[in-house]
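For reference, the chains in residue letters:
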Amino acid sequence: MLSYDELTSPERELWDAFPEGRGVDLRTGVPEDDRVGGGGGWGPERTVRAVVIGALLLGANGPRPGAVAGLRLVGARISGRLDLAGAQVGHPVWLEDCWFEEGVDLSGASTQSVAIVGSRVPGVEAGLTRVEGRLDLRRSLLEGGCASPLHRRVTALSLINAQVSGAVNLSGSEIVAPGEWAVSAGGLVAEGGVYCVDGFVAHGEVRLMGAQLPGGLHMRGAQLAGPGPRGVALALDNAVVATLDCSGGFTANGTVRLRGARISDNLTFEGAVLNGPPGSDGPSLVASLTQAVDFDLTLARPPAGVVDLRGAQVSYLHDNEHSWPDVVELDGFVYGSIKEEDSGERREAVGRRDSVAHRVAWVRRSPGYSPQPYEQLASWYRKAGHDDDARRVLLAKQRHRRRTLRPAARVWGHLLDVTVGYGYRPWLAGIWLLTLTLLGTLAFGTGSPTAVKRGEGAPFQPLVYTLDLLVPIGGLGQRTAWYWTDDGLQWLAYLLIAFGWMLTTAVVAGVTRTLQKN
């Protein structure tokens, strides 16, 4: 138990101020001397032992009647480790522009609002902490030190399974754990959201897997300078978030992983840069099985690695010319609308002459063949009232599928494509019929056939004879009544019969395919 006589002058000043919640400012007023980066050189006149702070917060000097006790300390060098693990802290804490010799341990503690602002701290351990209020770490430098006891990895800020009734504010902070975990906050519940704006920088992985953030995750302009041990810069797997804002110059030098995340409002990367893991071919964005209402991927430049949207579901997709890398995983990706910017406004991305070609090329960036991306794109065109464009997409699907078939099936596919466009261009059959009819009429009009039975049957008519050859069903009486002694014309007749059967079969197969699909 500390006695008053053991306290140094700055510690006595803090001790006396605590019961009334008054602040103690140990700064000199000289900017050069007050820089937190030089706090290691501050002398005894600015040094407060962490054990004194802990004693005050645990009731060593209770509040005075009519006053609200609280700890407010500015510009101090805090020696020793501030250990409040498992403590019940009923007073707010405000530490500003302080230099900590060792880390802060709040694991398992129950506290009021905690603010460590503009300070340098060798790690904050707050796993399983309950904060009735906010956790404010603005403008602080948090450095990874020892491995966290909860997960055995070096972590600069641990908030595993912590519960914060207000916001977690990391705006303007720099969190340093290169190649390790800068922030480990799996299972975090922050009712007021998490704020990483105003120059936030992280060296190492930011982990928020399974977090519940009703107030959202705000990372506008944040810089994730380096990934963790597996190349991931931001991990938000299975998190439940109101909104995720990674816009305004947000930069990730590592994979942004949102696998299974549920975002009830906006997911935006407007103006962001997704570089992927440095020196590897890892993905830039993994959003498989993600759910969001509004997904804005209008990036500042194309992602360096793969974008994985397999199984994701969004209501609105916004993209631009920088949204997509060379490889995009789209199998199972479901969207209700695609919008793009036009004259300063975002409108449905249909109606342009090159719209279908542009979107089909987008689908083709998905490796291998899968029918779902084509069918989803065609469904969107139909909903937008562009049925012709939908048919063009489905035709492109069949042509892509044809590449995966065996040689015989590919030949049959080419026949269906040329004759009826796989059923999506039935008018091609009419062109073929007209062309072959004209060819046969002109060719047969130059010769004189021989009657099978002299004096019987209708007179020879080249046009009717050609149609009788081309139409395999029924008969017009010409094909069976006449034959050719000229081998060339007789072989032409045989070819027209064969073309007639192939054309009819292709029409039936193509139309049946289309009707079954519809």
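Small disclaimer: the values here were computed from a predicted structure and weren't measured. (Residues numbered from 1 in each chain as written. Predicted model: local features only at pLDDT ≥ 70, side-chain atom pairs only at ≥ 80, totals over all residues. Heavy atoms only, no water.)

Just checking my understanding: could you explain the pattern of salt bridges for this structure?
In a structure, side chains of opposite charge can pair up when their charged atoms sit close to one another. One pass over the full model with this rule turns up 24 salt bridges. Taking the shortest distance from any N to any O, the salt bridge between Arg-134 and Asp-136 comes out at 3.8 Å. Residue classification places Asp-136 among the buried positions, given a relative accessible area of 2%. A salt bridge links Asp-388 to Arg-391, with the nearest nitrogen and oxygen atoms 2.2 Å apart. (Salt bridge = Lys/Arg side-chain N within 4 Å of Asp/Glu carboxyl O. Buried < 20%, exposed > 50% of the residue type's maximum accessible area, 1.4 Å probe, protein only.)

Would you explain the environment of Arg-310 in this entry?
Mapping Arg-310 onto the fold places it in the loop between β33 (307–308) and β34 (313–318). Take Arg-310: its relative accessible area is 40%, and that puts it in the partly exposed class. Excluding residues that lie within four positions of it along the chain, Arg-310 makes contacts with Ser-288, Leu-289, Glu-329 and Asp-331. (Helix = DSSP H or I, 4+ residues; strand = E, 2+ residues; numbered from the N terminus. Contact = heavy atoms within 4.5 Å.)

Any chance you could explain the packing of helix α4 (residues 355–363) against helix α5 (residues 371–383) here in plain terms?
Angle between the axes and distance between the axes are the two parameters that describe a pair of packed helices. Remark: α4 packs on α5, axes separated minimally by 10 Å, with the N-to-C direction vectors making an angle of 155°. By the angle between their directions, the pair α4 and α5 is classed as roughly antiparallel. When you trace α4 past α5, the crossing you get is right-handed. Contacts from Ser-355, Val-356, Arg-359, Val-360 and Val-363 in α4 reach Pro-373, Tyr-374, Leu-377, Trp-380 and Tyr-381 in α5. Counted by class, the contact of α4 with α5 contains eight nonpolar, one polar and one charged residues. (Axes fitted to C-alpha atoms, helices over the stretch in contact; angles between N-to-C directions. Parallel < 35°, antiparallel > 145°, perpendicular 65-115°, else oblique. Left-handed = near helix turned anticlockwise from the far one by under 90°. Nonpolar A, V, L, I, M, F, W, Y, C, P; charged D, E, K, R; others polar.)

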